[in-house]
Amino acid sequence: MKTVLVTGSNGLLGQKLTDLYRGVADRKLVATGKGPSRHPAGDFTYESLDICDPYAVEKVLDAYRPDTIIHTAAMTNVDACEVDQAGCDALNVEAVRTLATAADQRNCHFIHVSTDFIFDGEAGPYSEEALPAPLSYYGHSKLKGEEIVRSVCRDWAILRTVLVYGRVADMSRSNIVLWARQALASGQPFRVVNDQWRTPTLAEDLAMGCRLAELHHAQGIFHISGEELMSISELVRRVAAHYGYSAAQMEEVNSSTLNQAARRPPRTGFIIEKARRELGYEPHSLEAGLRL
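Along every chain, residues carry numbers that run from 1 in the direction the sequence is written. Thresholds applied to this predicted model are a pLDDT of at least 70 for local features of residues and 80 or more for the giving and counting of side-chain atom pairs; totals over whole chains, interfaces and linings are not thresholded and use all residues. Heavy atoms from the whole structure form the basis of all side-chain values; hydrogens and water molecules are not counted.

**A short note on helix H8 (residues 232–243)**
Here is step 1 of the chain: The numbering of helices and of strands both runs from the N terminus, where a helix is a DSSP run of H or I of at least 4 residues and a strand a run of E of at least 2. Expected span of a helix, by definition, is 1.5 Å for each gap between consecutive residues, and there is one gap fewer than residues. For H8, spanning 12 residues, the distance from its first C-alpha to its last is 17 Å, which sits close to the expected 16 Å at 1.5 Å a residue.
Here is step 2 of the chain: Relative accessible area decides the class of each residue, using a 1.4 Å probe on protein chains only: under 20% of the type maximum gives buried, over 50% gives exposed, and in between gives partly exposed. For H8, every residue scored as buried is listed here: Ile-232, Ser-233, Leu-235, Val-236, Arg-238, Val-239 and Ala-240.
Here is step 3 of the chain: Contacts: residue pairs with any heavy atoms within 4.5 Å of one another. Along its buried surface, H8 packs onto helix H6 (176–186), strand S8 (190–193), strand S9 (197–198), strand S12 (230–231), strand S13 (250–253) and helix H10 (286–291).

**Thoughts on the pattern of salt bridges**
Here is step 1 of the chain: By salt bridge we mean one thing: a side-chain nitrogen of Lys or Arg within 4 Å of a carboxyl oxygen of Asp or Glu. The final tally for this structure, using the stated rule, is 23 salt bridges.
Here is step 2 of the chain: As a salt-bridge pair, Glu-214 and Arg-27 come within 2.6 Å of each other at their nearest N and O atoms. One end of the pair, Glu-214, is in helix H7 (residues 203–215); the other, Arg-27, is in strand S2 (residues 27–33), with 187 residues separating them in the sequence.
Here is step 3 of the chain: A residue is classified by how much of its surface remains accessible, and Arg-27, at 11% relative accessible area, is buried.
Here is step 4 of the chain: Taking the shortest distance from any N to any O, the salt bridge between Asp-116 and Arg-198 comes out at 3.8 Å.

**Things to note about the packing of aromatic side chains**
Here is step 1 of the chain: Two rings belonging to Phe, Tyr or Trp (six-membered ring only in the last case) form a pair when the distance between their centres is within 6.5 Å. Interplanar angles under 30 degrees mark stacking, angles over 60 mark edge-to-face geometry, and anything in between is tilted. Inspection of every chain in the model, using the stated rule, returns 4 aromatic pairs.
Here is step 2 of the chain: Arranged with centres 6.0 Å apart and planes meeting at 65°, the rings of Phe-117 and Tyr-138 form a pair that is edge-to-face. Taken together, the residues span a long stretch of sequence, with Phe-117 in the loop between strand S5 (109–115) and helix H5 (137–152) and Tyr-138 in helix H5 at a distance of 21 residues.
Here is step 3 of the chain: Phe-117 gets classed as buried once you look at its relative accessible area, which sits at 11%.
Here is step 4 of the chain: Tyr-138 gets classed as buried once you look at its relative accessible area, which sits at 7%.
Here is step 5 of the chain: When the ring of Phe-119 is compared with that of Phe-270, the centres are 6.3 Å apart and the planes differ by 80°; the resulting orientation is edge-to-face. One end of the pair, Phe-119, is in the loop between S5 and H5; the other, Phe-270, is in the loop between S13 and helix H9 (273–279), with 151 residues separating them in the sequence. One exposure class covers both Phe-119 and Phe-270, and it is buried.
Here is step 6 of the chain: Only when the NZ atom of a Lys or the CZ atom of an Arg is both within 6 Å of the ring centre and within 35 degrees of the ring normal do we say a charge sits over the ring. Just above the ring of Trp-197 sits the side chain of Arg-267; from NZ or CZ to the centre is 5.6 Å.
Here is step 7 of the chain: Over the ring of Phe-222 we find Lys-274, and its NZ or CZ is 4.4 Å from the ring centre.

Structure representation (structure tokens):
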């Protein structure tokens with residue numbers, strides 16, 4: 001039986017991976033995260049782990065000897081990364097260096113989750129061969145993390161994703177669909193950008209992409225996202241239609257009016273044919289994801 005260790009298990013993707021691997025008979029899951037487990041089930045191995053502490057990382061890896069590490073933990077609040085650059089570097093750069101180095105020393109397959117924000121959004125949707133050009137400190141930090149994985153590890157895969165949405169029992173933070181549903185349900189006016197395009201990704205689909213990369217011992221870079229390119233305002237309108245809300249109180253605005261700390265790429269989204277061809281990855285449509 002192989003052992004799969006997941007970082008960031010208290011996050012949305014981490015909890016979906018816990019759900020998935022709890023049902024895989026020939027894999028032992030070791031879920032790790034900051035503080036106590038947020039997952040409601042207690043029938044899996046969980047370890048509290050500070051990934052910024054090299055000694056703690058080595059201690060956990062030596063205790064469980066994982067065959068694969070799926071690294072999902074990161075600082076993902078784009079504006080917070082712009083403001084707290086030292087904190088961003090600690091989680092998105094130095095912790096990656098610690099984990100990747102420890103994984104390579106133990107001949108462990110290292111799967112690293114990255115982002116569409118490594119691109120400038122001028123030529124999306126993007127293939128795996130597109131040249132990165134991040135606009136934000138978050139994007140720069142995630143690109144540095146990718147470069148570290150590629151330079152430190154001999155056995156690695158990088159899975160880039162886009163605008164992940166979903167729901168778990170204990171949410172540490174919201175996401176675009178939950179925010180949209182809450183805003184629509186309030187009946188109060190709210191603003192949504194209409195000049196940013198993405199391929200939204202269901203958390204279950206991203207978890208399955210991670211599982212397929214582990215199962216096939218994938219090597220290299222893979223784009224794992226939904227396949228439908230849409231503006232954020234179109235996404236909110238489709239959420240409204242699915243749940244039976246009126247979108248009349250939604251005001252479409254240009255992103256320049258929001259005064260956000262970090263720049264966002266206008267048009268990203270991914271071409272996912274490589275993941276389909278090599279991993280057998282197949283995402284849900286947005287409406288099917290909303291039903292889930």
